[in-house]
Structure formats: structure tokens, C-alpha cells
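# Commentary on secondary and tertiary structure
Given next are the chains, with one letter for each unit.
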Amino acid sequence: MGGGGRGRERPSSGGRKKRCEKVTRVPPAMLLSLCSLLLAPTRLLLALWRLVARLGVAVAVVAAGVAYGLWGLWVLLRRGPRRTFRWRVRDQPPPGLADGTFGEHRYLRLKDSGLRLHYVTRGPPTAPLLLLLHGFPQNWFCWRHLLQDLGTRYRVVALDLRGYGASEKPPGRDSYRLEVLLEDIRQVIEILGPPPVVGEGPGATEAPPASSKCILVGHDWGGLLAWEVASSHPEMVEKLVIMDAPHRAVMAGFMACHLSQLLRSSYIFLFQLPWLPELLLSLADFELVRTALTGSWLGIQNAAQRLTEQEVDAYLYGLSQPGGLTPPLNYYRNLFRDTPIPREPPPLPTLLLWGAEDAFLDARLVPCLRRCLRPTARLCLLPGAGHWLPEDQPRPVARLLDHFLGTGDHHH
């Protein structure tokens, strides 16, 4: 009977274990429901934040449309209908834009999209690749001084971004999404990277090409793209130079806290509208574009470097063609389509150049941009310089670049 009692105890103990297991086991579906419930407040806050942000952008777009519309009405009253609604299509490129004055004009074709991009190059073919990215409303021509100053030591390439200059201009707003633009730059670096090293001697063969790498320099929109490329593809960028260009992760918060920057960026909200920006920019033979480039406050501040009529036409030549304004404006029309993804600062050596008198970007933005840089990054504020830094201060910029690029080793 004793042995039988002990035998009856064992199953009951196992049964207790089984019952305990059944009590502590939680079905996966219940766990998912619990997680969703816990995350519900966070999701609600994010949804409310997105709604408030969209409403804020919508209000700013309407306000900018009204303000710039009143400017257009003022131009109409001042100049009259005939002069206001007349703009000249430039039939011939001005001197320097399409000839070989500043370098050799070439084209490349992107592998995935098949898009043909135009660029101007100068320098030894085996030298390190120095890739220059322009901004709005310019083209490769804004780099003409650097092409001459650095073209003896580097293989300098001034690119026309898609939709600009002599590069192809695919239709549609979606053709200018940020991820598409970044892929363009990645493929350009891949195509124009270090040329194959050819051995010497009668039986020499072509060695495999080195990994594609460049020194990346960007101004304005080109700087915004350079930030992103260096962060997402650091293995393709040896050194990074940013000129008067904000980081997307910083700009929105800075505008929300600084009314002055919101006003300076009012044109960005105008550009969200269909057709109206194209009309306003064209009025009185592109008076608004001219003012941005040559105005006493907005334009180049260095009196010795003020743009001539022919130099202004180097930018108006492409913009004045039928439909020439829409592709560059589509860059802006995609700005609010996604939320910037926080990334680690680019690990590579970085130089940030900024014009102290930039009329479009508040100088107080510069300390905020330090969060997007490594502690070793260099920052230089150029006194008296405006937004158009490559043309405003070409010699100081060339010296700063030469010094920055001369430190450390280059990968040939």
C-alpha cells in the first residue's frame, strides 16, 4: 500500500507541473494585442504630430502663395501687362556655358534608369575624383572657378543634376523623389570612380578597377544631397564638403523655433503649389530669379564677383526653355513627402563652409548642424559672404578646399 501511495503521488506532481505550464504560457496573439495596446498612445501622438505638421505646411503654402501673388500684382502694376508677361526664351547658350572654356563637356548614362546626365570635367584622368553638386536655380556653371583652380591637382567633375542644364529632364514629380536623386549620385560615383590601373610592359593587362570613391562637394540642394549620400554610402565618399546647405533632420525643427528662418524659406512653401511658381518665376523675364542671384541682399555680396548679364543668362538659358522650370521645382515638391531618417554623422572628414551674410539660411543654423557632424569636422564661417559661396568667394573657397583636401591621404 505504501508503494502504491507513492506511485499515486508521482502522477499528481507531474499533473501539477503541467497545470503550471498551462497557466504561464501566453498565446502569441495575446502578446501582439498587448504590445499594440501599449503602443497605441505613441501611435496616436505620432499621428497627431503628422496632422499638425501637415496643417502647418498647408497654412504656410497658402500664406506664401498669397504673399508672392501680391508681389506679382505689384510687378504688373509697376511694369504693365506687356513687360510683365513677356519672357525671352534664350535661343543660344551664352559664352562659357556650352564651349570648352572651363573644361571638357561629356555625358554619362545611368545604368538603372538609362537617364543621360551632362557634366564638365577638368584635370588629370588618374587624379582623385572631385565631384561637385550644384543647387537651385543653377547648374554646373556655378563651379567654373573651382574647375580652374583645382583642375590641375584633381579630376574635377561639375555635374548637371537631373532636370537641370544639359542633363535629361524626365517628366513627372515622382522622377525627382529624394531616393531617386540619391541613387543618381551613387551611380555617378560608381561610373566616374577611379579608372582602371593599366600595367606596364608588353604583356601587361588591365588591373581590376579600384572601388569607386570620390571627394564630394555640394552647395544648396547639392549640399543636401551630399549630406545624405555621405551618410548612407560612406564607403563611396573619401571627404565631404558642404557649402550653405542644411541637413534635413535639423531644418524642420529649426524653422519651427525660428520665425526668421520660416520667412527666409517662404519660397519653399510657394514651390509646393502647381503652376503658380512657374508663372511667378517667369514674370518680367525672370525678375525673381535675377533678384535672387544679383540682388543687393539676396545675391552675391562680393562686389568684385557680381554676375554679368552673360553669366546670369548661363542659368536662364535652361530655365527659359519651355517647361524648363518645372523639373527643378519638383525637387522642392517632394521635400515634405517623407520624414527624414536620423542617421549617424558621416564618419569621413568633413568641412562645412557657410556665408555669414546668407540671406536664405540663418547663421544660427550652423551650431545646430554640429549635431550632424563628428567632433573632428571643420567649420568655417566666411564673413561678408552671401549664399552663393562658390561664386561669391571663389579664391578663399579654393584655398580652404585645397588646404582641407591636402590634409590626410587620398585613395588613388
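Predicted model only: the values in this text are computed from it and were never measured. Residue numbers here run from 1 along each chain, matching the order of that chain's written sequence. Per-residue local features of the predicted model are confined to residues with pLDDT of at least 70, and side-chain atom pairs are confined, for both listing and counting, to 80 or more; whole-chain, interface and lining totals are unaffected and use all residues. Side-chain metrics in this entry use all non-hydrogen atoms of the structure; hydrogen atoms and water are not considered.

Bringing the confidence of the model for the chain into the picture now. pLDDT is defined as a per-residue confidence score from the predictor, taking values between 0 and 100. The predicted model of the chain has a mean per-residue pLDDT of 88, with 87% of residues at 70 or higher. Segment residues 2–9 is flagged for pLDDT under 50; beyond a separation of four residues in sequence, or across chains, it makes zero contacts in the model. Of the regions scoring below 50 in pLDDT, residues 408–412 engages in 12 contacts with residues more than four places distant in sequence or in other chains. Note on contacts: a residue pair is in contact if any heavy atoms of the two residues lie within 4.5 Å.

In this section: helix α11 (residues 309–319). For each residue, the accessible area found with a 1.4 Å probe, counting protein chains only, is set against the maximum for its type, and the residue is called buried under 20%, exposed over 50%, and partly exposed in between. Only DSSP runs of H or I reaching four residues or more are called helices, and only runs of E reaching two or more are called strands; each is numbered from the N terminus. Among the 11 residues of α11, eight are classified as buried, and the element is accordingly described as predominantly covered. Those residues of α11 that are buried are in contact with α4 (144–150), α10 (276–294), α12 (326–333) and α14 (389–392).

Further remarks concern the state of the cysteines. We call a pair of cysteine sulfur atoms a disulfide when they lie within 2.5 Å. Scanning all chains against the criterion turns up zero disulfides. Considering cysteine sulfurs only, Cys368 is the nearest to Cys257, which forms no disulfide, with 8.5 Å between them. Judged by relative accessible area, which is 63%, Cys257 ranks as exposed. Looking at Cys372, it has no disulfide partner, and the nearest cysteine sulfur is the one in Cys368, 9.2 Å off. For Cys372, a relative accessible area of 11% puts it in the buried group.

Another point: a nonpolar patch on the surface. What goes into a patch is any residue over 30% in relative accessible area without a salt bridge, connected to like charges within 9 Å or, for nonpolar side chains (Val, Leu, Ile, Met, Phe, Trp, Tyr), within 5 Å. Note on areas: Shrake-Rupley, 1.4 Å probe, and residue coverage restricted to the protein chains presented here. Salt-bridge detection follows one rule: a side-chain nitrogen of Lys or Arg within 4 Å of a carboxyl oxygen of Asp or Glu. Together, Leu44, Leu45, Leu48, Leu51 and Leu55 give the surface a local cluster of nonpolar side chains, amounting to about 510 Å² of exposed area. A relative accessible area of 47% places Leu51 in the partly exposed class.

Before going further, it helps to examine the nonpolar core. Side-chain atoms within 4.5 Å are what join buried Ala, Val, Leu, Ile, Met, Phe, Trp, Tyr and Cys residues into a set we call a nonpolar core. Ranked by size, the top nonpolar core spans 114 residues in total, and within it Leu131, Trp221, Met243 and Leu401 carry the most contacts. With 10 residues, α10 is the single largest residue contributor to this core. Excluding residues that lie within four positions of it along the chain, Leu131 makes contacts with Val157, Leu159, Ile185, Val188, Ile189, Cys214, Ile215, Leu216 and Val217.

Moving on to the pattern of salt bridges. Tallied over the full model, the rule gives 21 salt bridges. Of the charged contacts in the structure, one is a salt bridge between Glu311 and Arg144, with a shortest N-O distance of 3.4 Å. You can see Glu311 sitting in helix α11 and its partner Arg144 sitting in helix α4, a full 167 residues away along the chain. In this structure, Glu190 and Arg186 form a salt bridge, with 3.2 Å as the shortest nitrogen-oxygen distance. Within this pair, Glu190 and its partner Arg186 are both found in helix α5 (residues 178–192), separated by four residues, close to a single helical turn. Look at Arg186 and you get buried, because its relative accessible area is 18%. Connected through salt bridges with shared partners, the residues Arg88, Arg90, Asp285, Arg290, Glu309 and Asp313 form a single ionic network.

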